[in-house]
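Next come the chains, spelled out residue by residue.
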Amino acid sequence: MTATSLRTHRCGALSRSDAGQTVRLGGWVHRRRDLGGLIFIDMRDRDGLVQLSFDPRWTSLEVMRRAAGVGVESVVLVEGEVALRPESARDTSMSTREIEVHVTGFTVAGPADTPPIPVARKENEALPAEELRLRHRVLDLRRPELQANLVLRHRLLQRARQTLTDLEFLEIETPILTKPTPEGARDYLVPSRIHRGEFYALPQSPQIYKQLLMVAGYDRYFQLARCFRDEDLRADRQPEFTQIDLEASFVSAEDVQLVVERVLVDLWHVADVRVPHPFPRLAFQEAMEKYGIDKPDLRYDLEIRDLTPLVGADSAPFVHEEVATGGRLRGIVTPGGAALTRKALDGLAALARDARAGGLIWARRTAEGWEGQGVKAVGATSLDALGGQAGDLLVAVVGADAVTSPALHLLRGELIRLAALPQRRAHAFCWIVDFPLFEQDPASGDYLPAHHPFTAPHPDDIGRLASDPGSCRALHYDAVYNGNELGSGSIRITDPETQRHIFGLLGIPDRDIRRRFGFLLDGLAAGAPPHGGFALGFDRIAMLLAGAPSLRDVIAFPKTTAARALFEGAPTPVNPADLTALHLAVRSDD
RNA sequence: GGGGCUGUAGCUCAGCUUGGUUAGAGUGCCGCACUGUCACUGCGGAGGUCGCGGGUUCGAGCCCCGUCAGCCCCGCCA
């Protein structure tokens, strides 16, 4: 239903099959070319461009005059006949370049001031500074690139709705004004006018609500949920963001993963990518061992190897010392890496040093054998035992896994880049499973939930919950794509006693458990089905599929890295009277 | 909370290394000419708090200190 009482078509939708038709159009002046006796205007709407042709043969003098005076970005209403362009002036690379509109009627409906930033850019013309793009967001949003991003975003949201609806999930909204949760990220707080000194919080996620919906018998829930976290931002992090949030009852972890895979495969299909599935599963430990990180980029095969068994008599003393204190010698053999320059190796060494992994050990494999400083460190005999092929490069670090893993992850990425290793696949999804249930605070030794405190322990590990919590795995899983975490989920604790026990392990006093999570525990005690769920970071998915460099390019009105909205100007001071009504006073002394 | 980069005409940038006459270019904007352009073309013109404040100096866009804003990263983000 493109046609309205003011227009018959969208500009970008016209093609040669419309030739001869009289049309009415509404759109924006993209560019104007005034040849004196002839005027051409490129007119734009969300579908694309069409050329308007003003010629005294079919255009009145009055309309010629108006067309000559219209500024770019003005909104105009046009009437005319679609015509094939003269043979000499046709460009078939774009369907709309075969045709033009012979204008007979022309009104400037919305004149525009000269735009402070350009919408129509020349080839290779740089984008304005992002600050200006955010300040003049309406103009920036007119750019065809951003319009394409937001159209894609819409189609992805609709696809997610459809897929989950087909899978019998119910879309249920949960409150935006909710209860503060002292754990996790900082909450955005909203003061209550009616209740002096009391506050709502904006949800960091609908976690507890969706669990309670399972208890309430809704079986399968989803929501395109807005979430809010008052933390410092990054290119891939906004203070308010959208999750595809879902939860299902009577499910195993594999059941949830199957649903999420369906959603992801369908979303990638919207972007014309066919994804093979089921996705491979990788245990957390295995991911750390082979890739040094829990979100490996599996587009490349390069893996980390444990070289500790090779350490022998002629290995350097510092290697023996690290191994004796529980460290390991781990490295990466890069085919063709021996061609890397000394400067590139110095760069890798700096990377290792920045990751606090100490010195980088390296060696090149030539036709004669291994060469380089690594021969001394690892030992000639040990390296011979490693084997390898001429052209290989070994880089290695020695120390505790907690240090070497992150360092090797960075080294792996850099080696892939430097050696220009081929991608084995362009779209590498995987599941990371068997996460640890707790992380130990390195300073205090306290146990913290690795994810959130509602995650169920792995049934095989429940026996060690009290004796050795650090070794317990969780029924928690992450979806990973090309080295990006797309989302995470888990099977939840449904036994109120277990839930209380976990809260206790986390050091939350009994009275606080009651105050903070009473409504959850009461819910679990009301007859809770086994359930679990997932949350996908939708903005990041849209960013990846749009090929955008920043979340800000897939969000209509985003915030800056200082959480400011430059366009509308938020946050902002408020009237003292409004503060008084909320029982608030602003301190200026700190 | 910490580190880095950037800030000069409406926009994109040069000028900063080595302080010194009137701060330039492209584009956009304004005016004139132009009947097949599509980055129209040609001629002419206007347009500057060099982010802001302080300091050094005979003299600061340039050096120093502070500050604001944007971006990137670390911390943080159960």
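Please read all numbers here as calculations on a predicted model, not as lab measurements.

**Student:** Can you tell me about the overall build of chain A, naming the residues and giving the values?
**Tutor:** Each helix and strand counted, chain A has 16 helices and 22 strands in total. Along the longest, intermediate and shortest principal axes, the C-alpha atoms of chain A span 95 × 75 × 55 Å. Out of the 590 residues in chain A, the part that is buried amounts to 46%. Accessible surface, chain A: about 29200 Å² in total, of which carbon and sulfur atoms supply 53%.

**Student:** Break down the sheet that holds strand 17 (residues 429-433) for me, citing the residues and quoting the values.
**Tutor:** Strands sit in the order 6-9-10-22-21-20-17-11 across an open sheet of 8 strands; the sheet is mixed. Looking at which strands have only one partner, the edges of the open sheet turn out to be strand 6 (170-171) and strand 11 (281-283). Bridge count for strand 9 (residues 220-228) against strand 10 (residues 240-249) is 9 bridges, and the pairing is antiparallel. Each residue of the ladder has a partner; that of Leu 224, found in strand 10, is Ile 244. Helix 4 (residues 144-166) rests against strand 6, strand 9 and strand 10 of the sheet, and its axis sits at about 150° to strand 9. With respect to the sheet, helix 6 (residues 253-270) is in contact with strand 10, strand 11, strand 17, strand 20 (476-481), strand 21 (484-491) and strand 22 (531-537), its orientation differing from that of strand 22 by roughly 25°.

**Student:** Kindly report on the sheet that holds strand 1 (residues 22-34), identifying the contributing residues and their values.
**Tutor:** Around the barrel, which closes on itself, the 5 strands sit in the order 1-2-3-5-4 with mixed pairing between neighbours. For this sheet, the mean angle separating the axes of adjacent strands, direction not counted, is 55°. Most of the contacts of helix 1 (residues 61-69) go to strand 5 (residues 99-110), to which it runs at about 75°, and overall it touches strand 1, strand 2 (39-45), strand 3 (48-54) and strand 5.

**Student:** I'd like a rundown of the pattern of salt bridges, residues and numbers included.
**Tutor:** This structure, assessed with the given rule, holds 41 salt bridges. Residue Asp 401 is joined to Arg 328 by a salt bridge in which the shortest nitrogen-to-oxygen separation is 3.1 Å. Residue Asp 401 is found in helix 12 (residues 401-418), and its partner Arg 328 is found in strand 13 (residues 328-334); the two are separated by 73 residues along the sequence. Judged by relative accessible area, which is 32%, Asp 401 ranks as partly exposed.

**Student:** So what's going on with the protein's contact with RNA strand B? Residues and values would help.
**Tutor:** Near RNA strand B you find 48 residues, and of these Asp 34, Glu 100, Ala 129, His 451 and Thr 561 are the closest. For RNA strand B, the fraction of protein-proximal atoms (within 4 Å) that sit in sugar or phosphate groups is 54%. Here a base nitrogen of RNA strand B sits 2.8 Å away from a polar atom, N or O, in the side chain of Arg 85. Arg 229 has a polar side-chain atom sitting 3.2 Å from a phosphate oxygen of RNA strand B. Going through the elements one at a time, strand 1 and helix 2 (130-135) are the ones with two or more residues in the surface near RNA strand B.

**Student:** Which residues make up the packing of aromatic side chains, and what values do they have?
**Tutor:** Here the structure, examined in full by the defined rule, presents 14 aromatic pairs. Relative to Phe 517, the ring of Phe 454 lies with its centre 5.9 Å away and its plane at 75°, an arrangement referred to as edge-to-face. With Phe 454 in the loop between strand 19 (447-449) and strand 20 and Phe 517 in helix 14 (residues 510-524), this residue pair connects regions lying 63 residues apart in the sequence. Residue Phe 454 shares its accessibility class with Phe 517, and that shared class is buried. An angle of 20° between the planes, with centres 5.5 Å apart, marks the rings of Phe 557 and Phe 567 as stacked. Within this pair, whereas Phe 557 is found in the loop between helix 15 (538-546) and helix 16 (576-581), its partner Phe 567 is found in the loop between helix 15 and helix 16, the two being separated by 10 residues in sequence. For Phe 567, a relative accessible area of 37% gives the class partly exposed. Feature note: the residues Trp 268, Phe 279, Phe 429, Trp 431, Tyr 477, Tyr 481 and Phe 534 constitute an aromatic cluster, connected by ring pairs.

**Student:** Kindly report on the side chain of Arg 365, identifying the contributing residues and their values.
**Tutor:** Within the fold, Arg 365 resides in strand 14 (residues 361-365). The side chain of Arg 365 is buried and forms no salt bridge, while Asp 384, the nearest opposite charge, is found at 5.0 Å. A distance of 3.2 Å separates a polar atom in the side chain of Arg 365 from the backbone oxygen of Gly 387.

**Student:** Tell me about the nonpolar core, and please be specific about residues and values.
**Tutor:** Within the largest apolar cluster, 64 residues are counted, with the highest numbers of intra-cluster contacts made by Leu 246, Leu 264, Trp 268, Leu 486, Phe 534 and Leu 536. For this core, the leading source of residues is helix 6, giving 10 residues. Excluding residues within four positions of it along the chain, Leu 536 makes contact with Thr 242, Gln 243, Ile 244, Val 260, Val 263, Leu 264, Leu 486, Gly 487 and Ile 541. Within the second largest apolar cluster, 23 residues are counted, among which are Leu 302, Leu 340, Leu 345 and Val 397.

**Student:** Hey, could you go over the pairing of strand 9 for me, with residue numbers and the actual values?
**Tutor:** A large share of strand 9 lies buried, amounting to 7 of its 9 residues. Across 2 bridges, strand 6 lies against strand 9 in parallel orientation. Bridge pairing links Leu 170 to Tyr 221 in strand 9.

**Student:** Report on the packing of helix 4 against helix 15, specifying residues and quantitative values.
**Tutor:** The relative placement of two packed helices is expressed as an angle between their axes plus a distance between the axes. It is the contact of helix 4 with helix 15, at a shortest axis distance of 10 Å, that shows an interaxial angle of 125°. For the element pair helix 4 / helix 15, the angle class is oblique. Two packed elements cross with a definite hand, and for helix 4 against helix 15 that hand is right-handed. When helix 4 is examined against helix 15, the residues Asn 149, Leu 152, Arg 153, Leu 156 and Leu 157 are found in contact with a partner set consisting of Phe 538, Asp 539, Ala 542, Leu 545 and Ala 546.

**Student:** Any details on unusual backbone geometry? Residues and values, ideally.
**Tutor:** The omega torsion across His 277 and Pro 278 is 10°, close enough to zero to call that bond cis. Tracing the backbone shows Pro 278 in the loop between helix 6 and strand 11. For the peptide bond that leads from Ala 570 to Pro 571, omega is 0°, which places it in the cis range. Looking at where Pro 571 falls in the secondary structure, it is placed in the loop between helix 15 and helix 16. Located in the positive-phi region is Phe 250, a residue other than glycine, with phi close to 55°.

**Student:** Run through the packing of helix 9 (residues 342-354) against helix 12, naming residues and quoting values.
**Tutor:** Running from N to C, helix 9 and helix 12 point in directions that differ by 160°, and their axes come no closer than 10 Å. Taken together, helix 9 and helix 12 sit at an angle that is classed as roughly antiparallel. The two elements helix 9 and helix 12 cross, and the hand of that crossing is right-handed. Only Leu 410, Leu 411, Glu 414, Leu 415 and Leu 418 of helix 12 make contact with helix 9, whose side of the interface consists of Ala 344, Leu 348 and Leu 351. When its residues are assigned to classes, the contact of helix 9 with helix 12 shows 7 nonpolar, no polar and 1 charged.

Calculation rules
- One numbering rule holds for all chains: residues counted from 1, following each sequence as written.
- Whichever chain is written first is A, and whichever ligand is written first is 1; the rest continue in order.
- Thresholds applied to this predicted model are a pLDDT of at least 70 for local features of residues and 80 or more for the giving and counting of side-chain atom pairs; totals over whole chains, interfaces and linings are not thresholded and use all residues.
- In computing side-chain values, all of the structure's heavy atoms are included and hydrogens and water are not.
- Going along the chain from the N terminus, every DSSP run of H or I of four or more residues is numbered as a helix, and every run of E of two or more is numbered as a strand.
- Exposed residues in this analysis have more than 50% of their type's maximum accessible area, buried residues have under 20%, and partly exposed residues fall in between, with area computed by a 1.4 Å probe over protein chains only.
- Shrake-Rupley sampling with a 1.4 Å probe provides the accessible areas, and residues are treated as covered by the protein chains on show and by no other component.
- Note on pairing: two strands pair once DSSP finds at least 2 bridges between them.
- Only heavy atoms enter the contact rule, under which two residues are in contact if any of them lie within 4.5 Å.
- Axis lines are fitted through C-alpha atoms, for helices just across the contact stretch, and the angle between N-to-C directions can take any value from 0 to 180 degrees.
- Just to be clear on terms, a salt bridge is a Lys or Arg side-chain nitrogen sitting within 4 Å of an Asp or Glu carboxyl oxygen.
- Here a residue counts as near a molecule or strand whenever at least one of its heavy atoms sits within 4 Å of it.
- N or O atoms within 3.5 Å of each other form a polar contact, as long as, within protein, one can give a hydrogen and the other can take it, and as long as residues adjacent in sequence are counted only when both atoms are side-chain atoms.
- To pair, rings of Phe, Tyr and Trp, with the six-membered ring standing in for Trp, must have centres within 6.5 Å; the planes then decide the type, stacked if under 30 degrees apart, edge-to-face if over 60, and tilted in the middle.
- Positive charges come from Lys and Arg, negative ones from Asp and Glu, while His and the chain ends are left out of the count.
- Nonpolar core, defined: a set of buried Ala, Val, Leu, Ile, Met, Phe, Trp, Tyr and Cys residues in which side-chain atoms within 4.5 Å join the residues together.
- Here roughly perpendicular refers to angles of 65 to 115 degrees, roughly parallel to angles under 35, roughly antiparallel to angles over 145, and oblique to all remaining angles.
- By definition, any crossing whose near helix is turned counterclockwise from its far helix by less than a right angle is left-handed, and any crossing with a clockwise turn is right-handed.
- Only Asp, Glu, Lys and Arg are considered charged in this grouping, and only Ala, Val, Leu, Ile, Met, Phe, Trp, Tyr, Cys and Pro are considered nonpolar; every other residue, Gly among them, is considered polar.

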